[in-house]
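# Geometric and topological summary
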Amino acid sequence: MSKVRAASYLRAQTNMGNEDDRIRPVHEGDGEPLFETRRKTGRVIAYRVFSASVFGCICLIWFYRMTVPVEIGENRTGLDRLIWLVMLVVEIWFGFYWVVTQASRWNPVWRFTFSDRLSRRYGKDLPKLDVFVCTADPVIEPPLLVVNTVLSVAALDYPAEKLAVYLSDDGGSELTFYALTEAAEFAKTWVPFCKRFNVEPTSPAAYLSSQANGLDSTAEEVAKMYKEMAVRIETVARLGRVPEEARLKYGDGFSQWDADATRRNHGTILQILVDGREESEIAIPTLVYLSREKRPQHHHNFKAGAMNALLRVSSKITGGRIILNLDCDMYANNSKSARDALCILLDEKEGKEIAFVQFPQCFDNVTRNDLYGSMMRVISDVDFLGLDGNGGSLYIGTGCFHRRDVICGRKYGEEEEEEESERIQEPEMVKALAGCTYEENSQWGKEMGVKYGCPVEDVITGLAIQCRGWKSAYLNPGKKAFLGVAPTNLHQMLVQQRRWSEGDFQILLSEYSPVWYGKGKISLGLILGYCCYCLWAPSSVPVLIYTVLTSLCLFKGIPLFPKVSSLWFIPFGYVTIAANAYSLAEFLWCGGTFRGWWNEQRMWLYRRTSSFLFGFMDTIKKLLGVSESAFVITAKVAEEEAAERYKEEVMEFGVESPMFILLGTLGMLNLFCFAAAVMRLAYGDGGDFKAMGLQFVITGVLVIINWPLYEGMLLRKDRGKMPMSVTVKSVVLALSACTCLAFL
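Source: prediction; values computed, not measured.

### Brief notes about the overall build of the protein
Looking only at helices and strands, the protein features 25 helices and 13 strands. What you see for the protein is a C-alpha radius of gyration of 28 Å, in line with the 27 Å of a compact globule of 744 residues. In terms of overall dimensions, the protein has a C-alpha envelope of 90 × 55 × 55 Å along the principal axes. Taking all 744 residues of the protein together, 58% fall into the buried category. For the protein, long-range pairs separated by at least 24 residues make up 85% of all intrachain contacts whose partners lie at least 6 apart in sequence. Accessible area of the protein: about 31,300 Å², with a carbon and sulfur share of 58%. Charge-centre separation for the protein: the mean point of 81 positive side chains lies 5 Å from the mean point of 86 negative side chains.

### Points about empty space enclosed by the protein
Under the defined criterion, the tally for this structure stands at five cavities of 30 Å³ or more. For the largest cavity, the calculated volume is near 130 Å³. Lining of the largest cavity is provided by R43, V44, Y47, S104, R105, P108, W110, D381, V382, L385, Y582 and E586. Looking at the lining of the largest cavity, the elements with two or more residues in it are α2 (41-67), α13 (377-389) and α19 (569-589).

### Describing the sheet that holds strand β13 (residues 482-484)
Sheet architecture is open: three strands sit in the order β8-β13-β10, paired in mixed fashion. Both outer strands of the open sheet, β8 (331-332) and β10 (362-363), are each paired with one neighbouring strand and no more. Bridge analysis of β8 against β13 gives two bridges, and the strand direction is antiparallel. Residue pairing in the sheet places A332 in a bridge with F482 of β13.

### Overview of the UniProt feature "binding site: Mn(2+)" (unreviewed entry) in the protein
Mapped onto this numbering, the UniProt entry annotates "binding site: Mn(2+)" (unreviewed entry) at K303 and D327. A maximum C-alpha distance of 10.0 Å is found for the annotated residues, which run over 25 residues; spatially they form one tight group. Within the secondary structure layout, K303 lies in helix α11 (residues 302-317). Using a relative accessible area of 15% as the deciding quantity, one classes K303 as buried. Among the structural elements, D327 can be located in strand β7 (residues 322-327). Given the relative accessible area of 21%, D327 is considered partly exposed. Each residue touching D327, except ones within four places of it in the same chain, is listed here: V133, C134, T149, K303, Q361, G397 and T398.

### Some words on the sheet that holds strand β3 (residues 129-135)
If you trace the eight strands from one edge of the open sheet to the other, you get β5-β6-β4-β3-β7-β11-β9-β12, paired in mixed fashion. Looking along the sheet, the strands with just one partner apiece sit at the ends: β5 (269-274) and β12 (471-474). Strand after strand, the sheet turns through a mean of 20° between neighbouring axes, direction not considered. Taken together, the four bridges between β7 and strand β11 (residues 400-403) define a ladder with antiparallel strand orientation. What sits directly across from L324, in β11, is F401. Contacting β3, β4 (163-169), β5 and β6 (286-291), helix α6 (residues 174-197) runs over the sheet at an angle of about 15° to β5.

### Description of the pattern of salt bridges
When their charged atoms lie close together, side chains carrying opposite charge are able to pair. All chains considered together, the criterion is met by 36 salt bridges. A salt bridge links R120 to E32; its shortest N-O distance comes to 3.1 Å. Note that R120 is positioned in helix α4 (residues 115-122) and E32 in the loop between α1 (3-14) and β1 (35-38), a separation of 88 residues in sequence. For E32, a relative accessible area of 33% corresponds to the partly exposed category. Here K303 makes a salt bridge to D327, at a shortest N to O gap of 2.7 Å. One end of the pair, K303, is in helix α11; the other, D327, is in strand β7, and 24 residues separate them in sequence. Three or more residues joined by partner-sharing salt bridges are found here, namely E639, E641, R645, E652, R716, D718 and R719.

### Re the state of the cysteines
Between two cysteines, a covalent bond joining their sulfur atoms is known as a disulfide. A full pass over the atoms with the stated rule returns zero disulfides. Looking at the unpaired C59, the closest cysteine sulfur is the one in C57, lying at 9.2 Å. Overall, the relative accessible area of 31% leaves C59 in the partly exposed class.

### Some points on the UniProt feature "active site" (unreviewed entry) in the protein
Annotation from UniProt places "active site" (unreviewed entry) at D170 and D458. As for its position among the elements, D170 is in the loop between β4 and α6. With residues up to four places along the chain from it excluded, the contact list for D170 reads T135, A136, R263, R292, K294, F302 and A306. With respect to the helices and strands, D458 occurs in helix α15 (residues 457-467). With near-sequence residues (within four places) excluded, D458 lies in contact with Y395, I396 and G397.

Rules used throughout
Residues numbered from 1 in each chain as written. Predicted model: local features only at pLDDT ≥ 70, side-chain atom pairs only at ≥ 80, totals over all residues. Heavy atoms only, no water. Helix = DSSP H or I, 4+ residues; strand = E, 2+ residues; numbered from the N terminus. Rg over C-alpha atoms; globule rule 2.2 N^0.38 Å. Buried < 20%, exposed > 50% of the residue type's maximum accessible area, 1.4 Å probe, protein only. Contact = heavy atoms within 4.5 Å. Areas by Shrake-Rupley, 256 points an atom, 1.4 Å probe, with all protein chains shown as cover. Lys, Arg positive; Asp, Glu negative; His and termini not counted. Charge placed at Lys NZ, Arg CZ, Asp CG, Glu CD. 1 Å grid on protein atoms, 1.4 Å probe; cavity = no way out; pocket = protein on both sides within 12 Å on 5 of 7 lines; lining within 4 Å. Points joined across faces, edges and corners; volume = space filled by probe spheres on them. Pairing = 2+ DSSP bridges. UniProt positions renumbered as here; feature names shortened; annotations may be inferred. Axes fitted to C-alpha atoms, helices over the stretch in contact; angles between N-to-C directions. Salt bridge = Lys/Arg side-chain N within 4 Å of Asp/Glu carboxyl O. Disulfide = S-S within 2.5 Å.

Rendered as C-alpha cells:
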C-alpha cells in the first residue's frame, strides 16, 4: 500500500459511516458534562510527605555506603570490598527505581461518568460500536469459553443495530466456527432475554452460575437451551470433528476450509453469521467470523496482525466509529460499560482529546487471597490512576474502547474530512483485506493500526497514539466492566509475566522508547510511568544479587548492614518498615486481605527472580540475534485435580521448568544459609545477631515466604508438587554454592 493509498484509507476511517452514523446530540442545549475528573488533594499531600521521608532515608543509605568504612574489622579483604561496592550499586538502583515509581502516585485522578446524561442527550443516536474478540487456539482457549464472551458483548446495553461483534480466530479452527454458529442461534434467545430482564452479567455461564437462589420458569427454559448448546459444543471439541448436519446447515461457512488447510496454512475465511443491518423481528447485533489468511512464508505478527485485519474487514462491513477489543476470556460483567466509555469519548469539552478509554483487567476466578497475585490490585487501583493524571493510562490490549480513526493513524488536531466509506455486503469482496500480502509496502503495523515487532504490541500502540497528541482515560467503576480467567498455576503466571517483562524491556531499547520517543510529546510523569514497567526486566538483576548476597554473607558471617545499636541502622529500618507497612495498608485499601498481600509479595519475589530475569535475558539474546521473540498463549483451562487445589489455595508446580530450578535453588540457598546462621547463633554469644540483625530478618523472611515452595519440593505427594528432578537439581546447586563459599 503506497503512502497515498494509506492516506486515502485513513480519511475513510476518519469519517467512518454514512450520514446516519454521525452523532448529533438530541438536546443541543444540554451543556452538562458527561463525566467528571476528581482529585483527592489531602490524600495526595499526605503521600508526598511520606514519600519525601522515605527518599530522605534512601539518601542516607547511599551516604552510608559511600562514606562509612566496611564494618567487618581490620582483616577485610578485596572480596569484602567488592561485596560492599556491589551493595552500593544495587541500592542505588533500588533508590532510582523507587523514584521512578513515584511518578504514578503523585497526581492520581478518578473518573466518574453520568450515563443518564448520555441517554438524555443522545437517546439511541449513538455511534456504531464494533467489538473485536480474539482467539488463537481451540485447545488452550476452549470454544465454549470464547462464545460466552461473544454472547456477553452481544447483549450489551446498546442499540442492536449499532452493535457488531467480530470473532478473529487465528487458529483457523472449524471447531471454533461451529461453536460460533451455535452461539448465533442461541443469541436469538439470549440477547432479548438479557434486554428484557436486565440480566447481569451477560455471559450465560457466569449468569447461570451466579443464580444460587434458583431461576424462574423463563430463565429455566433459557438455561436449558444454553446447557444443550454447551453439551453440543463440548462434545464437538472433545471429538475434534463437526457433525455433518452442521456442515450442511452452514455450508457457506464450512466450505471455505480446504481439505489440506492447517492453522498455519489456509486462505481467508469470512462469514457473516448474523446481519444486524437487515430488518428482523428479533433485534440482535451483527455477528461475524474471521480467520485471516496464513501462509508459512509470511510472518503473521500474532495478535497485532489479527487486530489490523479486523480493522480493515470491519471497516467495509459495519464500520463502527468506536472499537472495543477483548481477549476471548474477558466477558462483559457490566452491560453498561460501553455507555460509560462513551460518556468520556462523546463529552463535548474534554472528550475530544481522548483517544481511548481503558478499563482494568480483572478476573472472576481468583481465590479469596489471590494465590498468584493475578489481580495486581495496586497497579489497577492506584498506579493507573496516577498515569491517568499524567496524561493517560497504558493500553493493555483488552477492555479498551478506541476511536477507529485514531488507532488507524489520525493525529490530534487533524481536521476530519467529509468522506464516506463504501459498505460492501458480500464477504467475498472483503476477503482480500485479510490476505497475508495485503500489508506489503504499506504503513500497517507502523503508522496505521496496531504496532508490530514487540510482544506487548498493545503498550507500544498506546504510547504511539499518545505521542501523536492524544490523551487516554482510565475508568475503574465499582462494578467491573469485564472479567477474565487468571492463570491457575505458578508456571502459567510466570510464563505470562516473562512475556510482558520481555516486551516492555524491548520497548525501552527500541526506537519507541518512552525516554526518547516520548520526549517533548508526553509529560515527564507519563514517561516515568511507562518506565516503571519497561524496567521490570532489568530490575531482576539487582533483586537477584541482593537476595543471594544477603543470604550468602549471613552464611559466611560477613555483615552488610549497620549494627542494630548503630544510628545508621535507623534509615535502613525506617525504609524497610515504612515501605512494607504502607504497602500493606494500600493493599487493604484496595480491597485485599492480609494473606492476599503476603501472597502478592511472594509473587513479586518470584517474578523478579525468574520471569523478569528470563525476560531480560531473552531481550539481550534477541538484540544479539541469538533468538526471536515468541507469542505464548496462556492456557484458560486446568485439569480437575489442579482446579481443586487452586480453589484450596495450594500452589501448583507440576512441570519441569528452568524458572522452577532457579526458584528452587534460591529457596534452598536461603534455607541452608539461614539454618547455618541460626546454628552459629545458638552456639555463640549473640554477637552475630547484633552485627547482622537485618540480614537475619531479611533471610528469615525469605525462608518464610518460600514455605509453599518447600512444601512442593519436600513434603507434598500430589501431582501438583515440584518434580523430583527440579528438587534434586535445586538442592545440589544450593549446596554447591554454600560449599564453595565455606572454603573461600
